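# Inside the fold
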Amino acid sequence: MILTAATTDLFAFDEARLDELTTRHGTPFFAYDLAAARERFTRLRAALPARVRLAYAVKSNPGLPLLETFAEQGAWFDCASAGEVSTALAAGATGQGMVFAGPAKTERDLQAALFAGARIQVDGIEDVARLHDLHTGDHPLPVNVRINPAAGVSEVATIIGGGGPSAFGVDEEVMEDFVTEAARYDRVEIRGLQVFAASNELDAGRLLANHRTALRIGQRLRQLVGRELDLIDIGGGLGIRYALTEPTLDVRALGAGLGRILAEHDWFTGELLLEPGRWLSGPTGVYAARVVRPKVSRGERFVMLEGGINHLLRPLLTGQSFPTLAVRPGQGVLTGDRSTATLAGPLCTSLDRVGTGDLPTDLRPGDVVVFGQTGAYAYTQAMSHFLSHALPEQHWLDEI
Ligand SMILES: Cc1ncc(COP(=O)(O)O)c(C=O)c1O
């Protein structure tokens, strides 16, 4: 794929900037565009009804400059570990603007979330029992319960689940039993709901189908607990395209649909919380790795790179490649004849593949392969310590 104006949404920086970055900085590196992060947050915010809150899912990219950028825009934060809570607090988040989720929360996680004053999403009765013991306030602790819907749309079922057996939440079929049991713990009060059953979804209609399910579950939960719900968290899952052949998620259609769902469910007067990670952070980042050598093995073209699954794991996990292009530092993006190559890294395992790319046939050592859409689930989702290679640098760029 040759980078042109039509493809720039796959890469955070234009051709001149990529040339400059690969000339100025040693590789491998990640570079992020904070101005793009600001623009994406503002665009999504503008597409949503006022009653929809926006929380940034820290797990997609916990870089402090990124969190600070979102905090300045008034974002809430979705945290899933004690470490994420402390990063969000350092970025300027407050407990009132924080939710905390996780399928296996340790006591340290719960303590951190309680300390911050975050709204905790309980995943089972064990969370309720432990919070009942840990909570020291005068009033019952308001919590959300995560419900695993009986049916749901899930593009990448292995990552998030939805419909089938799940490590997350309480199965919808046993919600009534859960509510009955939870009522025995009087220092904890169910005041909200979390339903999240999709990942990297590009179709607003499919996301909205899940959100409709969430409100239907909320209606039943409200009856079961006998009190109003003040927060329904409908998760993240807003997709980004990793190839030009994929569509772009229509966030205005998503916002309009959420407005309709809220109007249909006028019993619900609380706030709806959307917690995207990938949509906000993915397009803000690129990863750049130098070509060590080209190789052909039994007719298959390989490009051997200085970085592999120790820096980018997602292609191996999902079978989906990041978009790529090649830069010859000082000469710009290479636009000559190209062919498909398997991108392999330096680790001593045949697992070390970072997808495929349509790359120039004259690639040579010293050229740089740039991977787009790597602002999310990249730097911190990799097997960083495997084989003890150095970590890539991270550069946070901003132009206000
Ligand atoms: C509870 C929760 N919220 C939000 C997200 C963010 O999802 P995405 O990055 O697909 O928007 C995740 C991702 O795993 C999650 O587990």
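Nothing here was measured: the structure is a model prediction, and the numbers come from that model.

## Some points on the packing of aromatic side chains
One pass over the full model with this rule turns up 10 aromatic pairs. Arranged with centres 6.2 Å apart and planes meeting at 5 degrees, the rings of Phe30 and Tyr32 form a pair that is stacked. Through pairs of rings, three or more aromatic residues link up here, namely Phe30, Tyr32, Tyr287, Phe371, Tyr379 and Trp396. Above the plane of the ring of Tyr242 lies Arg314, whose end atom (NZ or CZ) is 4.3 Å from the centre.

## A short note on the packing of helix 2 (residues 34–47) against helix 3 (residues 64–72)
With their axes 10 Å apart at the nearest point, helix 2 and helix 3 run at an angle of 35 degrees to one another. For the crossing formed where helix 2 meets helix 3, the hand is right-handed. The residues of helix 3 that touch helix 2, namely those facing Leu34, Ala37, Arg38 and Phe41, are Pro65, Leu66, Thr69 and Phe70. When the residues that make up the contact of helix 2 with helix 3 are grouped by side-chain class, the tally is six nonpolar, one polar and one charged.

## Brief notes about the domain arrangement of the protein chain
Per the domain assignment, the segments of the protein chain are domain 1 (5–31 + 283–397) and domain 2 (35–281). Inter-centroid distance (C-alpha atoms) of domain 1 to domain 2 is 33 Å. Across the boundary between the two partners, domain 1 contributes 20 residues, which contact 24 residues of domain 2. Counting the surface lost from both domain 1 and domain 2, the interface buries some 1800 Å², and carbon and sulfur atoms represent 59% of this. Linking domain 1 with domain 2 are one salt bridge, by the criterion used here. A salt bridge links Asp9 to Arg241; its shortest N-O distance comes to 2.9 Å. For the interface between domain 1 and domain 2, the tally reads six residue pairs in polar contact (both at pLDDT 80 or more). For the side of domain 1 that touches domain 2, the elements supplying multiple residues, two or more each, are helix 11 (314–318) and strand 18 (393–397). Class assignment for the residues of the side of domain 1 that touches domain 2 results in nine nonpolar, nine polar and two charged.

## Focus on the pattern of salt bridges
All told, the structure shown has 20 salt bridges when counted by the stated rule. Between Lys105 and Asp127 there is a salt bridge, with the nearest N and O atoms lying 2.5 Å from each other. Highlighted residues: Lys105 in the loop between strand 4 (98–100) and helix 5 (107–116) and Asp127 in helix 6 (residues 125–134), separated in sequence by 22 residues. Residue Asp127 is classed as buried on the basis of its relative accessible area of 5%. Salt bridges linked by common partners bring Arg119, Glu189, Arg191, Arg227 and Asp230 together as one network.

Calculation criteria
Residues numbered from 1 in each chain as written. Predicted model: local features only at pLDDT ≥ 70, side-chain atom pairs only at ≥ 80, totals over all residues. Heavy atoms only, no water. Phe/Tyr/Trp six-rings, centres within 6.5 Å; stacked < 30°, edge-to-face > 60°. Lys NZ or Arg CZ within 6 Å of the ring centre and 35° of its normal. Axes fitted to C-alpha atoms, helices over the stretch in contact; angles between N-to-C directions. Helix = DSSP H or I, 4+ residues; strand = E, 2+ residues; numbered from the N terminus. Left-handed = near helix turned anticlockwise from the far one by under 90°. Contact = heavy atoms within 4.5 Å. Nonpolar A, V, L, I, M, F, W, Y, C, P; charged D, E, K, R; others polar. Domains from an automatic or database assignment. Buried area = accessible area lost by both parts, 1.4 Å probe. Salt bridge = Lys/Arg side-chain N within 4 Å of Asp/Glu carboxyl O. Polar contact = N/O pair within 3.5 Å; in protein donor to acceptor, adjacent residues only side chain to side chain. Buried < 20%, exposed > 50% of the residue type's maximum accessible area, 1.4 Å probe, protein only.

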